[in-house]
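Coordinate inspection notes
Take a look at the letters that make up each chain.
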Amino acid sequence: MIKQTIQIFGRIKPTRTTQAVYSVDNEDQTGASLEFVVPKGLADGFVNNKRESYKFRFQKLFDQAAKQEDVFEKIAKPVADSVLAGYNGTIFAYGQTGSGKTFTITGGAEHYRDRGIIPRTLSYLFECFSQDSSMIYTTHISYLEIYNEMGYDLLDSRHEASRLEDLPKVVIMEDPEQNIHLKNLTLQLTANEEEALNLLFLGDTNRMIAETPMNQASTRSHCVFTVHLCRREPGSATVRRSKLHLVDLAGSDRASKTGLNGQLLTEAKYINLSLHYLEQVIIALSEKNRSHIPYRNSMLTSLLRDSLGGNCMTTMIATIAADKRNLHESISTCRFAQRVALIKNEAILNEELDPALLIARLKREILSLKDELLMVTGEQRDDQLTVDEIQKLEESVKVFLDDPDPDVTLPLGADHRKIQHCFSLLKKIITDKSDGGNNLCDVRQPPEATMRGEVIEASDHTAAEVSRLKEMLTQRDNEISILVKMLKKEKKRAQDAAAQLDNITSNQNSASQNALRSPALPLMSDGSSDAESTDHGRRAVQYMKRGPQLSMGKQEAFETFIRDHQDHLTIEDNKNLLKQRSAEARKLGELLNETRNSINELKRQLEKQRRQRAAHGVMESHTETEEEVDPVEENLLQHIEREKKAYKSTVGRLKALRTEIEHLQLLLERAKVKLQRDFHQWWSQEALSVQLSATCGLIVFNTVTLASSAWNGVFTETCS
Ligand code: ADP
Ligand code: MG
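Just so we're clear, the structure is a prediction, and the values are computed from it rather than from any experiment.

Moving on to the nonpolar core. If you look at the biggest cluster of nonpolar residues, it comprises 62 residues, and the most contacted ones within it are L84, I91, F225 and L246. When residues of this core are assigned to their parent elements, the largest contribution, 13 residues, is made by helix α19 (residues 631–719). For L84, the residues in contact, after removing those within four places along its chain, are Y124, L125, C128, F129, Y137, L229 and R231.

Bridging between strand β8 (residues 136–147) and strand β9 (residues 150–153) involves 4 bridges; their strand directions are antiparallel. Of the residues in β9, the one forming a bridge with E145 is Y152. What sits between the antiparallel neighbours β8 and β9 is a turn of 2 residues, in which N148 has the positive phi angle 50°.

All right, on to the pattern of salt bridges then. In total, this model carries 24 salt bridges according to the counting rule given. R296 is paired through a salt bridge with E174; the nearest N and O atoms lie 2.9 Å apart. Of this pair, R296 sits in the loop between α8 (262–286) and α9 (299–303) while E174 sits in strand β10 (residues 171–174), placing them 122 residues apart in sequence. Salt bridges here are not isolated pairs; linked through shared partners, they connect R581, E584 and E660.

With that settled, consider the environment of G107. Turning to its location among the elements, G107 is positioned in the loop between α3 (101–105) and α4 (117–131). Taking the C-alpha atoms as reference points, G107 and Q68, separated by 39 residues in sequence, lie 8.2 Å from one another. Beyond its immediate stretch of four places on either side in the chain, G107 contacts Q68, T102, D114, R115 and G116.

Here T659 lies in helix α19. Once residues lying within four places of it in the same chain are set aside, the contact partners of T659 are Y112, S123 and E193. Reaching out from T659, the side chain makes a polar contact with the backbone oxygen of K655 at a distance of 3.0 Å.

This brings us to the confidence of the model for the protein. Chain-level statistics for the protein give a pLDDT mean of 79 and a share of 77% at 70 or above. The model gives residues 257–270 a pLDDT under 50, and that stretch makes 17 contacts with residues more than four places away or in other chains. Between residues 437–455, whose pLDDT stays under 50, and residues either more than four places distant or in other chains, the model counts 0 contacts.

Rules behind the numbers
Residues numbered from 1 in each chain as written. Chains lettered and ligands numbered in written order. Predicted model: local features only at pLDDT ≥ 70, side-chain atom pairs only at ≥ 80, totals over all residues. Heavy atoms only, no water. Core = buried A, V, L, I, M, F, W, Y, C linked by side-chain atoms within 4.5 Å. Buried < 20%, exposed > 50% of the residue type's maximum accessible area, 1.4 Å probe, protein only. Helix = DSSP H or I, 4+ residues; strand = E, 2+ residues; numbered from the N terminus. Contact = heavy atoms within 4.5 Å. Pairing = 2+ DSSP bridges. Salt bridge = Lys/Arg side-chain N within 4 Å of Asp/Glu carboxyl O. Polar contact = N/O pair within 3.5 Å; in protein donor to acceptor, adjacent residues only side chain to side chain. pLDDT = per-residue confidence, 0-100.

What follows is the structure in structure tokens.
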């Protein structure tokens, strides 16, 4: 058993503000300290107007310049190591919205170097498995989101088609030993790093799709990525099972500050409630002599029961946005961390007996019992009944059933096999009978009913078709309106660009030159946008390759939408990087082939040299020469060794490159899904506004018509 308090680390997010309100001291042997200096102007009416500095202790602090790699090495690797050894581990990030929790746990969505603790830990674990051939490792992964006290499976395949709220809820169950089980949460078996990464991205994409501007689930929900590990020595009786929870908590912001309203306020309260219960558990745990810990108050605390004061090695990362504006939140994050640091956990090695071994033992027991039975009854019994025995049984059952006497019995003796067989026979007879009954029902159905059904169905069908066509018509109308609007905007943009260019040239050139040039400008800008649009066309087709089919108009709009999207540049950068890396990988592959050929060639030469030397030795019948070191052979051997080293290092580089390429592909895939989602949201908004303005137009038109007909009425009356 390992007794350990929860380890606390702090990470400060890079900020653009130059004025530092904090200082970090990492020099201390026993840990690090973070001090906030409250500026005099702010101290008044702030946290405590008598104090100007607040100091907090941490295991270690990661200041603004800290790299993701350092965070992984110092925080996650030790936890991963203990999980490999068979202990449970948890890493959770706590901090206000925007302070870098997701960046730290999952990573940035833009660059490979920004990948966070989850992808790096997966990479590390699978690397360790491959290096340790003495053990058999099995890995399962689950990804849970808790939103408004409800659990959702982020790896649920139905996710793409539905809203979060429509998915089956993950439910917490407790067995008599108070172990927690999660119903409706899938555990996916993963054979390698690539599969595990795919699951992480699948979960994150599902999370993104479910999020709408009205439900900013990503800041209001908790996400728990869990690696379930099983380690077994081949042929050994015991297995070690351990769990690693990587938790991205909801933003710890207080509702009083966020000042939200309506539906959002309820949600904010919920986050607070959930984190409030977490805090209550932590307070209870940090106090001595508390017998009851209120784990059951919320889903999050039930789930993290082992991680908090239980069988787990737990680490907390406090993420801090340390600028003046966020001072209040930063100080309360640190206070929370100080309380967490008091909690003691007792991690035990999760070792248990292998069920396979148990089965083998039970089989042996059965064999010996059979032997005993044989000794007692003196009758050799097979597992199966003989044909003769079966026939006799069938006859007895028939007699038994045909006998009208209610007290009739079916004598079978103490033979378990015979009893079982009779039950099967009886079941078959009953099932056959009830099947016959069902068939009767089907046959008796009146034919008119079926015909009427068909007619009704057919008319339903036509009505459905008509409404489908109507809907399509409205959609096309909307499409045309949106496109016209876009076209106008584009035209204006082209004109603006032309005007801008015009201005620049007019500043640089004389008036006469300017007069000559300006007619040509619109042509220039037209030309360039043409070239661009074909480029975008190609790109759009690429994006849409695996997306839903769009109508022609919508696709046109999509192409323009991509060009104007904020992620456009990042996507292009990543695509170029991917191209570069793929080319590099190809080159390395070629290099690998060349080195392999060179090694083979050198080996051939070595072989030849050895044969020649042997032949030479026989001819000359020299015995001493065998002892001598042949310089040519020595040279060849050294050369082979060098090539082998080069080969190994190229393999290593290629492996790292492959991980990067896969990661980049996943980043691009996610960006694509985000683009599509944003486009569809934008499109439906546009369609709605087109419809609204059409309805308004109709109302105005009707009012005008009504007014004019009323006027006409008055006019005619007056005239007559
Ligand atoms: P949270 O999950 O706490 O709400 P995020 O992780 O989403 O916050 O971070 C908010 C923004 O700040 C993101 O755009 C993220 O990329 C950026 N960010 C956070 N931490 C860092 C960091 N250490 N380095 C660079 N960018 C960061
Ligand atoms: Mg986040």
